[in-house]
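Residue-level structure breakdown
The residues making up each chain are set out below.
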Amino acid sequence: MIKLVVFFVLNFSALFIGSLFMPNPAIDNWYLSLNKAPWTPPGWVFGFAWFTVMFCFSVYMYFAVKESKFSLKNKLITLYALQWLLNVLWNPVFFCLHQISWAFIILLLLLMVLFYILRYTAKSLKYKKILITPYIIWLCIAVSLNLYIVVNN
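The following refers to the structure shown. (Residues numbered from 1 in each chain as written. Predicted model: local features only at pLDDT ≥ 70, side-chain atom pairs only at ≥ 80, totals over all residues. Heavy atoms only, no water.)

For the largest pocket, the calculated volume is near 710 Å³. What lines the largest pocket is a set of 29 residues, and nearest its centre among them are Met22, Phe46, Trp50, Trp90 and Phe95. Residue assignment for the lining of the largest pocket shows that the elements contributing at least two residues are α1 (2–20), α3 (43–67), α4 (70–96), α5 (100–125) and α6 (133–152). Looking at the lining of the largest pocket element by element, the count peaks at six residues for α6. Of the residues in the lining of the largest pocket, the class split is 20 nonpolar, eight polar and one charged. (1 Å grid on protein atoms, 1.4 Å probe; cavity = no way out; pocket = protein on both sides within 12 Å on 5 of 7 lines; lining within 4 Å. Points joined across faces, edges and corners; volume = space filled by probe spheres on them. Helix = DSSP H or I, 4+ residues; strand = E, 2+ residues; numbered from the N terminus. Nonpolar A, V, L, I, M, F, W, Y, C, P; charged D, E, K, R; others polar.)

This is how it looks when you write it as structure tokens:
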């Protein structure tokens, strides 16, 4: 059970750290001036989505580590750490540095890492792999939103 708490703390701390690099969109002229995708959700959806994603992903990682063979645990933890770093890195790259193309690449790498995590855990987790689905879906949406900004700005 301690591992579950650790994943909750790590995942939600990633969200917190990332949020430290986000200016308030209501007063950030750069973000407001961007040509954003017509399917960009309202601001509150991002908070709700990330909470749901990190809740499910914490439970997923708990089971992934618990039920994986010893030989895969190090690989899994390495992929998790990479996912964590990429997740935190996106906010400052996008919102502070305004490097929208690099932010897009970070999202693609993050999505690839999630697919690797899924690949290494799918067999042992069986039906529990559905817990990673919200993260993958949300990242696909994020990739599409970021790509739209890259192409149209």
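On to the packing of α1 against α4. Two numbers describe how α1 lies on α4: the axes approach to 7 Å, and their chain directions differ by 25°. Here α4 runs roughly parallel to α1, going by the angle between their axes. For the pair α1 and α4, the sense of crossing is right-handed. Listed contacts from α4 to Phe7, Leu10, Asn11, Ser13, Ala14, Ile17, Gly18 and Ser19 of α1 are Ile77, Tyr80, Gln83, Trp84, Val88 and Asn91. Of the residues belonging to the contact of α1 with α4, the class tally is eight nonpolar, six polar and no charged. (Axes fitted to C-alpha atoms, helices over the stretch in contact; angles between N-to-C directions. Parallel < 35°, antiparallel > 145°, perpendicular 65-115°, else oblique. Left-handed = near helix turned anticlockwise from the far one by under 90°. Contact = heavy atoms within 4.5 Å.)

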